[in-house]
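Fold and geometry: a report
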Amino acid sequence: MAGDLKECLLGAVEANLIDKDFADQGLKMYEDYYKASEALLLDPAKRVRYASDEVIKLLEGELQHAKRIKLQTLMTKLELEKYLEDAKIKHRAIAALAAPISGTPVVRNLQIQEDIIVKRITAPLNDFLLKFEKGAFTGSRTAIGTKEGVFPRHKELLDLQVDIVKELHNPGETTNELAKKFAQALNESFEYARLLYNQSGGAIRFNKKWALPQPHHMGKIIKAGEENWIAEITPLLDRDNMLDAVSGLPLNDDELNALLKRVYKSITTEGRNDLDAWGGSGFSTGKSIAKRHLEHRVLVFKNGESYLNYQKKFGEADIFDTIMNHFKSMAKDTASMQVLGPDAENTVRFLRAKILTLADEQAAAGDINAVIRAKRGANKFETMWQVHKGIEESDNPKVSNFFANFRALTMAAKLGYTPLIAAPTDMATSRKMAKLLGMSQFTAIKNYLSELMAMNPTERKRAALELGMLNESMLDATSTAMSRYLHEDNVGPFFRFITDSSLRLNGLTKITESGRRAAGFTIMGGYADVVGKSFDQLSPQMQRGLLRYTIDADKWNKIRQAPLSRKTVSGLNRDYLSPNDILKVKGLDPAEARQLADDYTRLLYTEVEVAVPTAGYEERASLRGLSRPGSIPGEIVGSFAMFKSWPMRFYHSHLERSWMEADTPMKKAAAIVDTALFMLMGGALGYQLMEIAKGRKPSTMTIKDFNPEDPGMRFWGNALARSGGLGPLFDIAVGLTDYRQGLSGYVAGPVIGSIDGIGYAIFGSAKDIYEGDPAGAGTRVIKEVLKHTPYQSNWMINLAIKRMLWERMLLWNDPEYVKQINKEIRRSDREGKEYWWMPNDFLPNESPFN
């Protein structure tokens, strides 16, 4: 029979029915089953039949799944082929499959679909998310194994986290009712994520012993070595449930040792494909999205205590982030399959070929630039696909980790005053979002201010969660505020904490979260107000806003039948049209209701990004592309990209969109002027607040003489630059505050600039010491250290610390430093600026508004 099976498999290879790797693995499994049959005490005559029958069953199942993948991918290709053929602007349409692109309808795309799926997966976890929400310090994520008792809340969350893990592994082990409730909710989310993944083309089998994802810290494991790692983990494993995948019997010592060696090799080489055979389908899976997420189901721990002990020694100690990273990973791959089919890489290649074919047809019809545009669109889409996958590998992990951490530290130190400009400009972009959707701009501003001024926003956060809006900072290791300016997620835990806590303490996180939450309330409240109107009765602007998300008259007339959600926020009752409400429309097929809810959620999440712009796939692809971290070019690009994502996002979501959605040249010009004018007002307010926070009186706003030296001209130029209306290049051109180092400094970016400054401080100090000026050397070093010190740059305290401490320290070190202070004062005088708290004064001498 073994010979027959071998001949059958090899014959199938020759007939191109299966590939050689598939056949080789089938034969390998035959040998495994034949060997395992001895443990089942089968007689020799039955062993061949047993092994052959079991392998044939697996082969049939694998082939059926392969056919399913091919069929689902084929159907996806046919849909996307028609989508490209019908698209008006084809090179933008292909890019819109990765992220929202101005000038083309917002269809199901990778970026937003991932957010939608995360929202669906975490739907049962509202109380869990609110309980573990981050705070500046005491409410930050807690890591198992950290010192207890630092803060009462820290201790409480640690204990709760431990009990949740125990309940997940062994329900009923603790007496903590809250932990039991959270564990049950997490199990619901884990199972829903698995089912949704399988429904989209995956193949993860149900495993009742699986409790939590199992992250492994490669560095710690390599440091321990294979022998020590195996010795440490073996006592923690549940030997009764570490079963042979073939015989179903517990592994003996030799078999377990062999498996753990494979696991060790897999972890330390960052490749787990060889584990899929043991833990899942029986066949190695390569990079198939449809067969991922099996590797962390191989090891079975005795209980929650054993799992926690392993995480302390060799894992990632923050269980909350472990859970949320698992959900996001599942959502990312599920979104990939839903947008591009189970064999997504194949679809990406197909789309490129298809758009080039369509471009050739356009070129033959006289559009000579069609091919150039098509290649540009295809390249942009492929780059965003790589950004979505997040699979870029570092050329040198130590180098890339160093620079990632340095960028985070630089960000924490340099964004101390950003909240003062972010708050008024976010209000302006929120207003513009409402106008683009045909909603009340006044309501958008009022909602924004209400959220921003709320002293205790817990009630509002709960309402937002129940309505289907995610607070991203509850889910990610880095906050949404951080993602506005630093579009990467590979920062080390310590530096991530420094950056995140800095942004929370200076208020930037609150401003970002409040703005996004207010935008969501504005959108859902705005549509709730018009559910009594048919599509034709809606304003033209509102119709255009819905059509941007493919919500036509038929879809709207179904959506508006949804029962509204009534929420009480700050004592006010308000009706909202939430995505969850659409699922309750009577008479709709569940699949259609889900599709309508997803369309509406896509609108909600995309427009929230318009209200409070953060870096998306388009900005990441444009700024960093496929540059590899750890290489010299990659890190130079990383420095260049810092702080440029927000202006680019603003351009894409406001200026470019306003221009492309307007019908006539006059309307286009009016749309740009409207955007720039309100951003200018926001920038003016923010700039005045920054001047006051830096010890200077509000600048004069009156223009007396139209020349660059006029204080009024300088004020409005600064306001325009700060608003994002013209961006930092305008600042460079007119020599304003932040970019006096010129174009080269702007292009190099803050990291290269910081390295240059540190080098100058080191070598300049050495020169000062050599020339007999140690005080000058001390001044250089102190100033450079202060430039890179987080927390003290916080706008709330920076001025007082600077006047009362840092200037005292610098003058004590070098009395000649007073010359630099006087130089700063003279420069401010030339620019028409007055101080309310003079440099070198221990206390302020007057009010900012005198």
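Residues numbered from 1 in each chain as written. Predicted model: local features only at pLDDT ≥ 70, side-chain atom pairs only at ≥ 80, totals over all residues. Heavy atoms only, no water.

Digging into the confidence of the model for the protein
Averaged over every residue, the pLDDT of the protein is 82; the share at 70 or more is 80%. The least confident element of the protein is helix α12 (residues 273-279), whose mean pLDDT is 39; the most confident is helix α26 (residues 553-559), at 96. In the predicted structure, residues 728-740 sits below a pLDDT of 50 and forms 31 contacts with residues beyond four places in sequence or in another chain. (pLDDT = per-residue confidence, 0-100. Helix = DSSP H or I, 4+ residues; strand = E, 2+ residues; numbered from the N terminus. Contact = heavy atoms within 4.5 Å.)

Quick word on helix α19 (residues 441-453)
At 3.6 residues per turn, the α-helix brings residues three or four places apart onto the same side. Its 13 residues place the ends of α19 18 Å apart at the C-alpha level, agreeing with the 18 Å of an ideal helix rising 1.5 Å per residue. Buried residues of α19: Ala444, Asn447, Tyr448, Glu451 and Leu452, and no others. Buried residues of α19 fall within an arc of 130° about the axis and therefore sit on the same side. The exposed set on the far side of α19, more than 90 degrees from its buried face, consists of Phe442 and Met453. Residues of α19 that are buried sit in contact with α18 (418-436), α20 (458-466) and α24 (508-528). (Expected span 1.5 Å × (residues − 1). Buried < 20%, exposed > 50% of the residue type's maximum accessible area, 1.4 Å probe, protein only. Arc of directions from axis to C-beta.)

Regarding the packing of aromatic side chains
Considering all chains together, one arrives at 18 aromatic pairs under this definition. For the pair Phe128 and Phe182, a centre-to-centre distance of 5.4 Å together with 80° between the ring planes defines the contact as edge-to-face. Of the two residues, Phe128 is situated in helix α6 (residues 126-131) and Phe182 in helix α8 (residues 177-199); the sequence distance between them amounts to 54 residues. Comparing Phe128 with Phe182 shows no difference in burial state: the two are buried. Ring geometry for Phe402 and Phe403: centres 5.3 Å apart, planes at 85°, overall edge-to-face. Put simply, the rings of Phe128, Phe132, Phe182 and Phe320 pair up and form one aromatic cluster. The ring of Tyr576 has Arg574 sitting right over it, with the charged end atom 5.8 Å from the ring centre. Note that Lys694 overlies the ring of Tyr417, its terminal NZ or CZ placed 5.2 Å from the centroid. (Phe/Tyr/Trp six-rings, centres within 6.5 Å; stacked < 30°, edge-to-face > 60°. Lys NZ or Arg CZ within 6 Å of the ring centre and 35° of its normal.)

With respect to the packing of α18 against α19
A packed helix pair is summarised by two numbers, namely the angle formed by the two axes and the spacing between the axes. At a minimum axis separation of 8 Å, α18 and α19 run at an interaxial angle of 145°. At the point where α18 passes α19, the crossing takes the right-handed sense. Only Gln441, Ala444, Ile445, Tyr448, Leu449 and Leu452 of α19 make contact with α18, whose side of the interface consists of Ala422, Ala423, Asp426, Met427, Ser430, Arg431, Ala434 and Lys435. (Axes fitted to C-alpha atoms, helices over the stretch in contact; angles between N-to-C directions. Left-handed = near helix turned anticlockwise from the far one by under 90°.)

A few points about helix α17 (residues 397-414)
With 18 residues, α17 should cover 26 Å at 1.5 Å per step; its first-to-last C-alpha distance of 25 Å lies within 8% of that length. Within α17 the residues assigned to the buried category are Ser400, Phe403, Ala404, Asn405, Phe406, Arg407, Ala408, Thr410, Met411, Ala412 and Ala413.

Re the pairing of strand β1 (residues 565-569)
Residues Ser565, Lys567 and Val569 point to one face of β1 and are all buried, whereas Arg566 and Thr568, pointing to the other face, are not buried. As defined by bridge partners, β1 adjoins strand β2 (residues 572-576) across 5 bridges and the pair is classed as antiparallel. Paired with Ser565 across the strands is Tyr576, a residue of β2. (Pairing = 2+ DSSP bridges.)

What to know about unusual backbone geometry
One non-glycine residue, Tyr791, adopts positive backbone phi at about 70°. Here Tyr791 lies in the loop between α36 (774-787) and α37 (798-813). Judged by its relative accessible area of 27%, Tyr791 falls in the partly exposed class. With a phi angle near 80°, Asn840 is a residue other than glycine that sits in the positive phi range. Within the secondary structure, Asn840 sits in the segment after α38 (818-830).

Side note on a nonpolar patch on the surface
The grouping of Met804, Leu805, Met809, Phe842 and Leu843 at the surface amounts to a nonpolar patch, some 430 Å² of accessible area in total. Assignment of secondary structure puts Leu843 in the segment after α38. (Patch = residues over 30% accessible without salt bridge, like charges linked within 9 Å, V, L, I, M, F, W, Y side chains within 5 Å. Areas by Shrake-Rupley, 256 points an atom, 1.4 Å probe, with all protein chains shown as cover. Salt bridge = Lys/Arg side-chain N within 4 Å of Asp/Glu carboxyl O.)

Brief notes about the side chain of Asp599
Within the secondary structure layout, Asp599 lies in helix α28 (residues 590-611). At a separation of 3.0 Å, a polar atom in the side chain of Asp599 contacts the side chain of Lys555. Asp599 has contacts with Tyr549, Thr550, Ile551 and Lys555, leaving out every residue within four places of it along the chain. (Polar contact = N/O pair within 3.5 Å; in protein donor to acceptor, adjacent residues only side chain to side chain.)

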